[in-house]
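Chain by chain, the residues:
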Amino acid sequence: MKQQVILNTEFMTLGQMLKEATVIGSGGQAKWYLAENTVLVDGEPENRRGRKLYPGMMVEVPEVGTFFMVKKGNDDNEAE
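Remember, predicted model here, so these are calculated numbers, not experimental data.

S.K.: Is there a simple way to explain the pairing of strand β6 (residues 58–61) in this structure?
M.R.: The side chains of a regular strand alternate between both faces of the sheet. The alternating pattern of β6 places V59 and V61 on a buried face and M58 and E60 on a face that is not buried. Sheet analysis places strand β3 (residues 40–41) next to β6, joined by two bridges and oriented antiparallel. By the bridge assignment for β6, L40 is matched with E60. Pairing analysis gives four bridges linking β6 to strand β7 (residues 65–71), with the strands arranged antiparallel. Within the sheet, the bridge partner assigned to V61 lies in β7 and is G65.

S.K.: Explain the sheet that holds strand β4 (residues 44–45) to me, please; I cannot follow it from the model alone.
M.R.: Within a sheet, each strand pairs with its neighbour through backbone hydrogen bonds, oriented either parallel or antiparallel. As summarised here, the arrangement of the five strands in space is β1-β7-β6-β3-β4, forming an open sheet in which the pairing is mixed. The open sheet has two edge strands, β1 (2–7) and β4, and neither has a second partner. Taken together, the two bridges between β3 and β4 define a ladder with antiparallel strand orientation. Along β4, the bridge assignment pairs V41 with E44.

S.K.: Sorry if this is basic, but what is going on with the environment of V59 here?
M.R.: If you trace the backbone, V59 turns up in strand β6. Each C-alpha atom of the pair V59 and P45 lies 9.8 Å from the other, and the pair is 14 residues apart in sequence. The contacts of V59, once residues within four sequence positions are left out, are L14, M17, V39, L40, V41, L53, G65, T66, F67 and M69.

S.K.: Where do I start with the nonpolar core in this structure?
M.R.: One broad trend across soluble globular proteins is that nonpolar side chains are buried collectively. Core analysis: the biggest nonpolar cluster contains 20 residues, and L14, M17, L18, V59, F67 and M69 have the highest contact counts within it. For this core, the secondary-structure elements that each account for two or more residues are β1, α1 (14–20), α2 (30–36), β6 and β7. If sequence neighbours within four positions are ignored, L18 has contacts with V23, I24, Y33, L34 and V61.

S.K.: How should I be thinking about the packing of aromatic side chains in this particular structure?
M.R.: Pairs of aromatic rings are described using the distance from one ring centre to the other and the angle between the two planes. In this structure the tally under the stated criterion is two aromatic pairs. Here F11 and Y54 contribute two aromatic rings whose centre-to-centre distance is 5.7 Å and whose plane-to-plane angle is 55 degrees, an arrangement assigned as tilted. Pair noted here: F11 is in the loop between β1 and β2 (12–13) and Y54 is in the loop between β5 (52–53) and β6, with a separation of 43 residues, a long-range link. Note on Y54: relative accessible area 32%, which makes it partly exposed. Aromatic pair W32 and Y33: ring centres 6.4 Å apart, planes at 65 degrees, arrangement edge-to-face. The exposure class assigned to Y33 is buried, which follows from its relative accessible area of 10%. Between the NZ or CZ atom of K52 and the centre of the ring of F11, over which it lies, the distance is 4.7 Å.

Parameters and conventions
- Residues numbered from 1 in each chain as written.
- Predicted model: local features only at pLDDT ≥ 70, side-chain atom pairs only at ≥ 80, totals over all residues.
- Heavy atoms only, no water.
- Buried < 20%, exposed > 50% of the residue type's maximum accessible area, 1.4 Å probe, protein only.
- Helix = DSSP H or I, 4+ residues; strand = E, 2+ residues; numbered from the N terminus.
- Pairing = 2+ DSSP bridges.
- Contact = heavy atoms within 4.5 Å.
- Core = buried A, V, L, I, M, F, W, Y, C linked by side-chain atoms within 4.5 Å.
- Phe/Tyr/Trp six-rings, centres within 6.5 Å; stacked < 30°, edge-to-face > 60°.
- Lys NZ or Arg CZ within 6 Å of the ring centre and 35° of its normal.

Shown next, in the form of structure tokens:
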């Protein structure tokens, strides 16, 4: 499933994104989740919960979905 994640600030960390997308229940689960599961940021494996995500970046969580980082108020970046 493809979804947009709206950024209200300049960037969001990978741990924050996983929580906002309800992949994990709390921020404290991010380190464990990334150690146990494959997460791709722009096609590259990533296991750092503090990885900064900026508008235009894509996060893939196998068996969960694909998430596109979009700046708040940027309606022309619709996910298909």
